Amino acid sequence: KGLFGQFVAPKVVEDLANNPDKVRLGGERREMTMLFLDIAHFTTISEKMPPEQLILYLNRYLSALSEVVQAHKAVVGNYIGDCIMAFWNAPILPVPDHRARACLAAIECQDIMGKLNAGLTMDMPETPAIRVGLNSGAVTVGPTGSEKKLQYTTLGDEVNLASRLEGANKFFGSKVM
């Protein structure tokens, strides 16, 4: 459980250990809130930084931001390069205030960036910043993938909209949508 919990959110491990019938392809429909958090300027940063330094920088930021999100009762579903995808209201139910928790997490993540940037000990080609997209709605959540490798994630239009809102921040010059 401990080792598996480093690859999959510990809440997911606990839920699957207690409900082994859930370890199958498919999912269930739930009302959830999804968060996509992306580090702005990451491509520029990655092109101008040695890979050994880049991984240290990325892990430092993703660790701190993930802690904030998890403190607000979210499950970090995936890391997609420099992006964190997290969700509320699964697998543990209920999180009745999942929408408010997501908003508070997004604001706190913005605040933690200032502290992370103030503590930088390396030269950065750009000052790291983050953009966050949030959305709530009915989605499918559960194990997906193949018979040999599963991933616990959310799927549906509401998930896609959260991702697109994160990207729209760039166009509008905003930080959270």
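Scroll up to find the structure this text is about.
(A) Quick look at the overall build of the protein. A tally of helices and strands in the protein yields 6 helices and 5 strands. From first element to last, N terminus to C terminus, the protein shows the α and β order α-α-β-α-α-β-β-α-β-β-α. With the C-alpha coordinates of the protein rotated into their principal frame, the extents come out at 50 × 35 × 25 Å. The burial tally for the protein puts 42% of its 177 residues in the buried class. Put simply, of all contacts in the protein between residues at least 6 apart along the chain, 68% involve residues at least 24 apart. Here the protein displays about 9600 Å² of accessible surface, and carbon together with sulfur accounts for 56% of that area. Each charge class in the protein can be summarised by its mean position, and for the 18 positive and 19 negative side chains these summaries are 3 Å apart.

(B) Molecular detail of the packing of aromatic side chains. Summed over all chains, the structure comprises 4 aromatic pairs. Considering the side-chain rings of Tyr57 and Tyr61, the 4.7 Å spacing of their centres and the 55 degrees angle between planes classify their relative orientation as tilted. With a gap of 4 residues between them, Tyr57 and Tyr61 both fall in helix α4 (residues 51–71), about one helical turn apart. By way of ring pairs, the aromatic residues Phe42, Tyr57 and Tyr61 are connected into one cluster.

(C) How the structure looks around the sheet that holds strand β5 (residues 150–155). Ordered in space as β2-β3-β1-β4-β5, the 5 strands form an open sheet in which the pairing is antiparallel. A strand with exactly one partner marks an edge of an open sheet, and here the two such strands are β2 (75–80) and β5. Taking each pair of neighbouring strands and ignoring which way they run, the sheet shows an average axis angle of 40 degrees. As judged from the 6 bridges shared by strand β1 (residues 28–40) and strand β3 (residues 83–88), these two strands associate in the antiparallel manner. Bridge pairing links Asp38 to Cys83 in β3. Of the strands in this sheet, β1, β3, β4 (129–145) and β5 touch helix α6 (residues 157–172), which is tilted by about 165 degrees from β4.

(D) Looking closely at helix α5 (residues 98–118). For α5, built from 21 residues, the straight-helix expectation of 30 Å at 1.5 Å per residue is met to within 8% by its first-to-last C-alpha distance of 30 Å. Listing the buried residues of α5 in full gives His98, Arg101, Ala102, Ala105, Ala106, Cys109, Gln110, Met113 and Leu116. Along its buried surface, α5 packs onto β1, α4, β3 and β4.

(E) Structural view of the pairing of β5. Summarising the sheet, β4 and β5 pair through 6 bridges and their orientation is antiparallel. Among the inter-strand pairings, Pro143 is bridged to a residue of β5, identified as Tyr152. As consecutive antiparallel partners, β4 and β5 are separated by 4 residues.

(F) Main features of the packing of α4 against α5. Orientation of α4 relative to α5, taken along the N-to-C sense of each, is 145 degrees, at an axis distance of 9 Å. Taken as a pair, α4 and α5 cross one another with a handedness that is right-handed. Along the contact surface, α4 presents Arg60, Tyr61, Ala64, Leu65, Val68 and Val69, while α5 presents Ala105, Glu108, Cys109, Ile112, Met113, Leu116 and Asn117. Here the contact of α4 with α5 is built from residues that sort into 10 nonpolar, 1 polar and 2 charged.

(G) Representation of the side chain of Asp38 within the structure. Tracing the sequence through the fold places Asp38 in strand β1. If sequence neighbours within four positions are ignored, Asp38 has contacts with Asp82, Cys83, Ala129, Ile130, Arg131 and Glu166.

(H) Spatial organisation of unusual backbone geometry. Residue Ala90 is joined to Pro91 through a cis peptide bond whose omega torsion reads -5 degrees. Its identity is not glycine, yet Lys73 carries a phi of approximately 70 degrees, on the positive side. Positionally, Lys73 belongs in the loop between α4 and β2. Here Lys73 falls in the partly exposed class, since its relative accessible area comes to 43%. Positioned with a positive phi, Asn89 is a non-glycine residue whose angle comes to about 90 degrees. For Asn89, the position within the fold is in the loop between β3 and α5.

Cut-off values and rules
- Residues numbered from 1 in each chain as written.
- Predicted model: local features only at pLDDT ≥ 70, side-chain atom pairs only at ≥ 80, totals over all residues.
- Heavy atoms only, no water.
- Helix = DSSP H or I, 4+ residues; strand = E, 2+ residues; numbered from the N terminus.
- Buried < 20%, exposed > 50% of the residue type's maximum accessible area, 1.4 Å probe, protein only.
- Contact = heavy atoms within 4.5 Å.
- Areas by Shrake-Rupley, 256 points an atom, 1.4 Å probe, with all protein chains shown as cover.
- Lys, Arg positive; Asp, Glu negative; His and termini not counted.
- Charge placed at Lys NZ, Arg CZ, Asp CG, Glu CD.
- Phe/Tyr/Trp six-rings, centres within 6.5 Å; stacked < 30°, edge-to-face > 60°.
- Pairing = 2+ DSSP bridges.
- Axes fitted to C-alpha atoms, helices over the stretch in contact; angles between N-to-C directions.
- Expected span 1.5 Å × (residues − 1).
- Left-handed = near helix turned anticlockwise from the far one by under 90°.
- Nonpolar A, V, L, I, M, F, W, Y, C, P; charged D, E, K, R; others polar.

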